[in-house]
Each structure stands twice: as C-alpha cells, then as structure tokens.
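Summary of the model geometry
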Amino acid sequence: MNIHEYQAKQLLAQHGVAVPPGEPCKTAEQVRAAAQKLLDAGYRAVVVKSQIHAGGRGKGVFKNGLQGGVKVVGSAEEAYERAKAMLGNTLVTKQTGPDGRVVNTLLVEGAAKIKKEFYLAALLDRAQSKPIIMASTEGGMDIEEVAAKTPEKIFKETIDPMVGMMPYQGRKVAVALGLKGDLISAGAKLFTSLYRAFWNLDASLVEVNPLCVVETPEGKDALVCVDAKIGFDDNALYRHENVAAMRDLAEESPLETEASRYNLNYIKLDGNIACMVNGAGLAMATMDIIQHYGGMPANFLDVGGGASKEQVMAAFKIILSDPNVKAILINIFGGIMDCNTIAEGVIGAVRETGLRLPLVVRLEGNNADLGRKKLAESGLALIPATSMADAAEKVVGCLK
C-alpha cells in the first residue's frame, strides 16, 4: 500500500525525522491560510504540492493547461490562485499515464533556501535478507539513473535486524554524504530515526528524494526531508490501523480495489489478453509466454494457492470488467489448488456472465483430470490446452 507525501511526512515526524513545516489542504481557502501562516513565521516563499500517488509531479501538466503540479509562490494570494487551478483538476505525469490523476489535496510547506540535495532510502536488500540504508550525493535524480551511470555514487549501509541501526552507522552515512560539523550529528540522528520508522511501520520502502541541507528562516543550516515516499507491506497492515486508515481508494484502480476485497492479487496492464493464474511466479511466466507468441497481457492476476469457487468467479468478473480484454487465458498448476474447484468457478462465471470472448484453459496437477472432464462436459465453448506454450499460442491465435 502507498500513501501520500503529506502522510509519509506525518509518520516520519512521529519518529523524530526532520520534515518542513506544512499542512495538507482540501480547499483554496485553506491553502491561503496555511501559506499566510508560514510567511508570517519568516519563510520568504511557500511551496504548493499536488498530492497524488505518482512521481514527476513538478514536471507534470494539468489537463486544464497549467504547467507543473508543484509551485513555489511568494504570497498567500498567489498560493490561493494556484490552488484554485490545481484542486479538482487532473494532473498528468510520466508515471500516471495519459489519464492522469485528480488532485484532491495540496500540501503547503515552507520553502527554505536549498543549499545541497541528497538521496536517502531504507529498504530490504533481498540478496542479503537484511535491511539497508542507501544514500547518494545525487539527490533529486532518479536513483535508477544514478545506479546505471554512476553506481560509485551510491552508498549502502547494511543493518543487522537483531540490533537495529547503531549511531556509528548513522555517522558513517553522514560522512559518506560529505556532511560537515553539526550536520554530521544531525544527519546521524535523522538516518537512525528514518530506519526506525521503516522498521516499526513494517514498510517495504522509505524513500526521501531529495533530502536537503536548507537555510532556515533564522539563517542556520538544517537537514530536512523535502520529499518523502513510503510503501507498506500489505500483509502487516493488520498491525497498523493508523496506517491502514491512510489508504486512498481514489488513487487506486477500481478493479484492483475490487480484487483486494476477495484477497486476489490483481494489477491492470495495457494489453488485451486477460490472465488468471495461481502463483505469482507462474503468473509472470504466463505473461512472458503470451508476449513471446506476439500477444500482450491485460493484467497480472494471481488467485493464490487455495482459492475458493467464489474467488474464482470474482476474479473472472474482474478481468471481464476491463473493456480492453479480447481473450482470456486460464493457466492453473494445482498443488494445494484443486483444479476441480477452478473448473467449477470457471463454469459458474461463464454461465453467469454470458461470456462470448475466446477462453483458453490449461489445467495441470491436483485433480486436473476431473477438472478437465468437468469443463469438457459443461457444453461451454472453451478451448483446452495441454501446455503453457500450447495455451499461449492458442489464445494469441484467437486474436489474429
């Protein structure tokens, strides 16, 4: 699960991480009041930031013609006018796709003078099965680009999960970023606090880009998280009711939201061949082989290892809700999963929906013979397949 920037900063602040002063606003009037409060506190400017679950907001374009979803303004009135043009309008960025996202919330923050930018993240290193702190002097850039072009500029500090991040490790990160004087201790405190937030919240990623050395209204240097992103492990949300309450369904695909109600793992893609598979690895292999034979998958859909007939029917209805779907491939390898259960769910769903699209079914494993027999005797216009390659070739062929 992802949350908005302002929510991420609230959680980081609760763990002692320095963030700029600011507040989320739902109306232009609230934006004006928040901006005036910050200007009265000594800030020469404020920044008005669109809150959507996508990057590239500053370079995005609103469908009403306004350039940029992040604006630095010098007065409360200017903040008010910007807010009127942003709230309720659709922002298109490189990560939203052409449909964009509607901006319903703006974050208004004090815009201090930025003197230096860094990249900072806490995440799991899967190769080591341990968390790491990753930092770079190349703040404000996509970390993937830094890794590709100048990997030597990325510093990684491995954390022992049994003891957590130690103060000396925070100082190592600070020195690696070239911090001097009082900023070393300030950085060490911020880095250890950020790791504590990552660990305590069961986050999959905490990313700050940029982390900045700024000049405060008092003229002092300070280290603050100018931007922040947190992704959470969905499986741990039951331990964090406050985090689960931050979920914004308006930022999620309606089909993905519906799938989550049935504990199905669904992600919409841009193709026209729907896939229903059990197991994430098999689902990815199925998408790969569809592309190998010249097709494009319309979704990732993992029904899990022990799906019920009701879940299978729900999955079927979800993939049919995508108007781009022109054919369906069901690829099941039964281990825990009973292929007969899949067959019953497919038959029920086809009859209930009156399916008229080509449907290719491949069943192997636990109770596959009974499942195939039940499908064959159903009287439905199904296309059986004997292997993954056979199934992919047949479903792609249906569209030629």
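Report on the accompanying structure. Since this is a predicted model, take the numbers as computed values, not measurements. Each chain has its residues counted from 1, running along the sequence as written. In keeping with the predicted nature of the model, local features appear solely for residues at pLDDT of at least 70, side-chain atom pairs appear and are counted solely at 80 or more, and the whole-chain, interface and lining totals rest on all residues. Hydrogens and waters are ignored; side-chain quantities use all the structure's heavy atoms.

1. Some points on the nonpolar core
Going by this rule: Only buried residues count toward a nonpolar core. Its members are Ala, Val, Leu, Ile, Met, Phe, Trp, Tyr and Cys residues joined through side-chain atoms within 4.5 Å. Exposure classes here rest on a 1.4 Å probe applied to the protein chains alone. A residue is buried below 20% of its type maximum, exposed above 50%, and partly exposed in between. Secondary structure elements follow DSSP: runs of H or I of four or more residues count as helices, runs of E of two or more count as strands, with numbering from the N terminus. For this analysis, residues touch if any pair of their heavy atoms sits within 4.5 Å.
Counting residues in each nonpolar core, the largest one holds 38 residues, and the members touching the most others are L120, I133, L179, F191, L211, I230 and F232. If you list the elements that add at least two residues to this core, you get α1 (5–14), β8 (113–125), β9 (130–136), α5 (167–176), α6 (182–200), β11 (203–215), β12 (221–225) and β13 (229–232). Among the elements that take part in this core, α6 stands out by supplying seven residues, more than any other. In contact with F232, other than residues within four places in its own chain, are M1, I3, L11, L201, D202, A203, S204, L237 and V243. One finds L264, Y266, I318 and V361 within the second-largest nonpolar core, a separate group that totals 35 residues.

2. Topic: the packing of helix α2 (residues 28–40) against helix α3 (residues 76–86)
To keep it simple, the criterion reads: Lines fitted to C-alpha atoms define the axes, with helix axes restricted to the stretch in contact, and inter-axis angles between N-to-C directions lie between 0 and 180 degrees. Here the angle decides the label: under 35 degrees means roughly parallel, over 145 means roughly antiparallel, 65 to 115 means roughly perpendicular, and every other value means oblique. In this scheme the handedness of a crossing depends on how the near helix is turned from the far one: anticlockwise by less than a right angle means left-handed, clockwise means right-handed. Under the scheme applied, nonpolar residues are Ala, Val, Leu, Ile, Met, Phe, Trp, Tyr, Cys and Pro; charged residues are Asp, Glu, Lys and Arg; polar residues are all the others, including Gly.
Contact geometry for α2 and α3: axes closest at 8 Å, N-to-C directions at 150 degrees. As the angle between them shows, α2 and α3 are arranged roughly antiparallel. For the crossing formed where α2 meets α3, the hand is right-handed. Within the contact between the two elements, α2 uses A28, E29, V31, R32, A35, Q36 and L39 and α3 uses A76, E77, A79, Y80, A83 and K84. Its residues assigned to classes, the contact of α2 with α3 comprises eight nonpolar, one polar and four charged.

3. Let's talk about helix α12 (residues 368–376)
Which entries qualify depends on this criterion: By definition, the arc is the one covered by directions from the helix axis to the C-beta atoms.
Those residues of α12 not exposed but buried are A368, G371 and L375. Looking straight down α12, one finds its buried side chains confined to an arc of 65 degrees; they lie on one side. In α12, the exposed positions that point more than 90 degrees away from the buried face belong to D369 and A376. For α12, the secondary structure elements touched by its buried residues are α11 (339–353) and β18 (359–365).

4. Observations regarding the pairing of strand β16 (residues 299–302)
Side-chain direction in a regular strand flips from residue to residue, so the side chains alternate between the two faces of the sheet. Stated formally: We treat two strands as partners when DSSP finds at least two bridges between them.
Residues N299 and L301 line one face of β16 and the alternating positions F300 and D302 line the opposite face, and both faces are buried. For strand β14 (residues 265–268) and β16, the ladder comprises four bridges, and the chain directions are antiparallel. Each residue of the ladder has a partner; that of I267, found in β16, is F300.

5. Some points on the sheet that holds strand β6 (residues 101–102)
Ordered in space as β3-β5-β6, the three strands form an open sheet in which the pairing is antiparallel. On the outer flanks of this sheet lie β3 (61–62) and β6, each paired with one strand and no other. The sheet contact formed by strand β5 (residues 90–92) and β6 spans two bridges and is antiparallel. Looking across to β6, one finds that T90 is bridged to V102.

6. Comments concerning the packing of α5 against α6
Two elements in contact, α5 and α6, have axes whose closest approach is 8 Å; the angle formed by their N-to-C orientations is 120 degrees. Judged by the inter-axis angle, α5 sits oblique to α6. Seen along the crossing, α5 lies across α6 with a hand that is right-handed. Between α5 and α6, the contacting residues are P167, G170, R171, V173 and A174 on the first element and I184, A188, F191 and T192 on the second. Here the contact of α5 with α6 is composed, by residue class, of six nonpolar, two polar and one charged.

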